[in-house]
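Breakdown of the fold
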Number of protein chains: 2
Amino acid sequence: MSVRTDHPQTAATGKGPRRTVISVDAMGGDRGPEAVVSGLAKSARKNPDIAFILHGNEAELSALVAKRPELAGRVDIRHADGVVSMEDKPAQVLRNGKGSSMWSAIEAVRDREAEVAVSCGNTGALMVLSMMRLRKLPGVNRPAIACYWPSKNPAGFNVMLDVGADVRADEHDLLQYALMGTSYARNSLGLKRPRVGLLNVGTEEHKGRSEIKAAAELIADAAGAGEFEFIGNVEGSDIPSDKLDVIVTDGFTGNVALKTAEGTAGLFKSFFMEAFRATLPARIGALFAARQLKILNRRTDPRRVNGGVFLGLNGTVIKSHGAADATGFAAAVNLAFDLARHDFNHKLAARVASVPSHGQDGATSNDEQDGKQE
Amino acid sequence: MSVRTDHPQTAATGKGPRRTVISVDAMGGDRGPEAVVSGLAKSARKNPDIAFILHGNEAELSALVAKRPELAGRVDIRHADGVVSMEDKPAQVLRNGKGSSMWSAIEAVRDREAEVAVSCGNTGALMVLSMMRLRKLPGVNRPAIACYWPSKNPAGFNVMLDVGADVRADEHDLLQYALMGTSYARNSLGLKRPRVGLLNVGTEEHKGRSEIKAAAELIADAAGAGEFEFIGNVEGSDIPSDKLDVIVTDGFTGNVALKTAEGTAGLFKSFFMEAFRATLPARIGALFAARQLKILNRRTDPRRVNGGVFLGLNGTVIKSHGAADATGFAAAVNLAFDLARHDFNHKLAARVASVPSHGQDGATSNDEQDGKQE
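Since the model is a prediction, treat every value here as computed from it, not as a measurement.

About the cut-offs
Counting from 1, residues in each chain are numbered in the order their sequence is written. As they are written, the chains are lettered A onward and the ligands numbered 1 onward, keeping that order. Owing to the predicted nature of the model, reporting of local features is limited to residues with pLDDT of at least 70; listing and counting of side-chain atom pairs is limited to 80 or more, with chain, interface and lining totals taken over all residues. Side-chain numbers come from the whole structure's heavy atoms, not from hydrogens or water. When checking whether two residues touch, look at their non-hydrogen atoms; a contact exists if any pair is within 4.5 Å. Here the buried area means the combined drop in accessible surface, using a 1.4 Å probe, for two parts upon being joined, counting both sides. What counts as a salt bridge is simple: a side-chain nitrogen of Lys or Arg found within 4 Å of a carboxyl oxygen of Asp or Glu. Residues adjacent in sequence count toward polar contacts only when both atoms are side-chain atoms; beyond that, a polar contact is any pair of N or O atoms within 3.5 Å, and within protein one must be able to donate a hydrogen and the other to accept it. Helix and strand assignments come from DSSP, with helices taken as H or I runs of at least 4 residues and strands as E runs of at least 2, each series counted from the N terminus. Planes of paired rings set the category: under 30 degrees apart is stacked, over 60 is edge-to-face and the rest tilted, where pairs are Phe, Tyr or Trp rings (Trp by its six-membered ring) whose centres lie within 6.5 Å. For the exposure calls, accessible area comes from a 1.4 Å probe over protein chains only, and a residue counts as buried if that area is under 20% of its type's maximum, exposed if over 50%, partly exposed in between. For two strands to be treated as a pair, DSSP must find no fewer than two bridges joining them. Here the axes come from fitting lines to C-alpha atoms, over the contacting stretch only for helices, and the angles between their N-to-C directions go from 0 to 180 degrees. The atoms used to superpose the copies are C-alpha atoms, taken from residues with pLDDT of at least 70 in both, and the fit is least squares. The directions from the helix axis to the C-beta atoms are what the arc is built from.

**Quick look at the interface of chain A and chain B**
Counting residues at the interface gives 64 residues for chain A, matched by 64 residues for chain B. A combined buried area of about 5,700 Å² lies between chain A and chain B, and 67% of that area is made up of carbon and sulfur atoms. Connecting chain A to chain B are six salt bridges. Salt-bridge contacts for D250 of chain B lead to R209 of chain A; the nearest nitrogen and oxygen are separated by 2.9 Å. Our count for the contact surface shared by chain A and chain B stands at twelve residue pairs in polar contact (both at pLDDT 80 or more). Within the residue set of the side of chain A that touches chain B, elements represented by two or more residues are β5 (144-150), α7 (210-226), α8 (251-277), α9 (280-288) and α10 (290-299) of chain A.

This is the structure:
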């Protein structure tokens, strides 16, 4: 029994106090529905007011949910036969995705039964289905994917976007990213007046591509109305710094930067492990420092920053890492819960609408026709 | 007394055996000529056959060189009044740079007194002066800057280009980068058949921007004649891996990736230092592991990979980090020495000429007219 209202924070399962409902695609991740259900149980222990609509194979999911007492009375299972695989091309999914658990999960947000959908499936497919079913917010030309980036700021994270929704962005898109990114930072990190930097190859104003120079002017002009601070051009080395909160870039550059950081972190960790295993004194040293090494390991654990948020749609969709385990998936679900409770998507829509935009006039860039990520 | 020949490996200072001559801009770095001369002394101790032409303030340089017995009889000082500062815009330097130490250092390569020039001055200025005075190699449309990237390969490094010569690259430029990058890897890392990856947002063929899809085909076609292996699209996380040797990308993406890696490494190091200072047991642990921590520190020391090589010109120019100390500058000079001894630029020119190119027809991209980095 589902109640349809404009504000979806009502009980998915019909009983008890007002609950925040998250729509969850249980299929399509590398570890299957067991890791997903286990992540939901973790999140339910932390958030007494959370409820779920769970999409996938009903028999399989019922059995998994029944094993988790934390989930009793909180889960509404919706059967879906199809599963979008990691190998499916987005164009195929667009044609044949109806009836899949991913489609069904998005549909619950479209029908306002839930405000946020979470999936650990195929990113490209999730984006095209989300765009098709939820549609873009007025004023948004290209949606973006935002992620947390470990940083030296007190919150521990900065926000970076776009990290891969679209391989191109013109100056108007970059302005929209600045508006959406500050709204996200405000609602998820609790920052009143986020500081925005525009990713470039140097901090000087004359540096970079023409669309970035144009974007710098648009973003500077919008800072007052948008209640953020624009700090100008920043470089890759500034992404984790405490001089900014939000980093704006196109989805090609953002995706490469994100994965380069992952690769660098991985290389560091492997050098690090080698060093502490190389000799007996080093191994003894590791024992003495064990507690701090554990804290260090947690601080640099990529699972903590799991969850790419799709911004710019009529409803929020969160992409969890495909290989997420229960801890990783719970992090994505907790993020979904926070955003839903803050009524994030309505605030984001208002924010985007507050600044005049030419992002949809289609005549601003000769890159428009090519380069769309499939 | 300088002898002009087609092959510049002759004695700059006129006496003794055949020497390899490196032209060095002594001014314009953050630490001044003292760090430069000290770096030359380090390099001279390692390389008995090296000689230098040193450009800058003669009085100041003579005094510094006189203090270094290793440099006796190896340094030909050329007086230059002007110094290009880090704040000078490339366009200004192009107009007013004549007579500067940077100009003079490039001129020695142009005049074939030296094959390689090294400078720790302003990157943009060094690139525009190098392009103006040395001219591009036949077949090269856009020169590139290549750098070493710490990796899991036996050599310890991969080669990445372009890391910032130009903010745009079309498919023909990316092909040239593949040819120049493999030539560099062959001559500096001693690899016979380098493996080339094209940086993209995913490994699937349908991913990415249109020029990257086109470049993938051109590079695959050139692999046979170019004696390299093309492994296709790679992601940011693959840059330090051992599945490739050369990473090809445009100068905007490459520069952001490079600086993002620096920022990530810096964040890791700061977390690391905090962990080992946080508690008494951790500090004791650090003492036990001191030797391995020192090795770890050296492995991740950015000074070891100092030296961005300008590829695609009639002569090789190496950009040392502006803040390089003696150790860092010596690393850049040693790289210059290796490349000069391998007669690198002649081999590079032959390699670029060996594959048909349309990179100079100017009609291949509508991006040609904009986006040039100033």
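**Brief notes about the packing of aromatic side chains**
Inspection of the entire model under this criterion finds twelve aromatic pairs over all chains. A ring pair is formed by Y148 of chain B and Y184 of chain B, whose centres lie 5.8 Å apart and whose planes are at 20 degrees; its orientation type is stacked. With Y148 of chain B in strand β5 (residues 144-150) and Y184 of chain B in helix α6 (residues 171-188), this pair connects stretches of sequence that are 36 residues apart. Y148 of chain B gets classed as buried once you look at its relative accessible area, which sits at 14%. Note on F272 of chain B and F276 of chain B: the rings are 5.2 Å apart at their centroids and 50 degrees apart in plane angle, and the pair reads as tilted. A residue pair is termed a helical-turn pair when its members lie 3 or 4 positions apart in one helix, as F272 of chain B and F276 of chain B do in helix α8 (residues 251-277) at four residues. Here F272 of chain B matches F276 of chain B in class, with each residue buried. Through successive ring pairs, a cluster of aromatic residues spans Y148, F157, Y184 and F344 of chain A.

**Some points on the sheet that holds strand β8 (residues 229-234) of chain B**
Residue and element names in this part refer to chain B. Here we have eleven strands laid out as an open sheet, ordered β3-β2-β1-β4-β11-β10-β5-β6-β9-β7-β8, and mixed in their pairing. The two strands at the open ends of the sheet, each matched to only one other strand, are β3 (75-79) and β8. The sheet shows a mean angle of 25 degrees between the axes of neighbouring strands, direction not considered. Pairing geometry for strand β6 (residues 157-161) and strand β9 (residues 246-248), over three bridges, is parallel. Note that in β9 the partner of V159 across the bridge is V246. The strands that helix α4 (residues 101-110) touches are β1 (20-25), β2 (50-56), β3, β4 (116-119) and β11 (316-319); relative to β1, the one it contacts most, it runs at about 160 degrees. This element, α8, spans β5, β6 and β7 (195-199) of the sheet and lies at about 30 degrees to β5.

**So, the relation of the copies chain A and chain B**
Superposition of chain A onto chain B requires a rotation of 180 degrees combined with a translation of 0.1 Å along the rotation axis, giving an RMSD of 0.1 Å. Read as a symmetry element, the transformation amounts to a two-fold axis. When each C-alpha of chain A is compared by its distance to the rotation axis, G285 of chain A comes out closest, at 1.7 Å.

**Brief notes about helix α10 (residues 290-299) of chain B**
By the burial criterion, the buried members of α10 of chain B are Q292, L293 and L296 of chain B. For α10 of chain B, the buried positions fall inside an angular range of 100 degrees around the axis, keeping them on one side. Facing away from the buried side of α10 of chain B, by more than 90 degrees, are the exposed residues R291, K294 and R298 of chain B. If you follow the buried residues of α10 of chain B, they end up packed against α8 and α9 of chain A together with α8 and α9 (280-288) of chain B.

**Quick look at the pattern of salt bridges**
A full pass over the atoms with the stated rule returns 28 salt bridges over all chains. Between R142 of chain B and D166 of chain B there is a salt bridge; the shortest N-O distance is 3.4 Å. Of this pair, R142 of chain B sits in the loop between α5 (123-134) and β5 while D166 of chain B sits in the loop between β6 and α6, and the two are 24 residues apart along the sequence. In terms of burial, R142 of chain B and D166 of chain B fall into one category: buried. Because the salt bridges share partners, they merge into one network encompassing D76, R78 and E113 of chain A.

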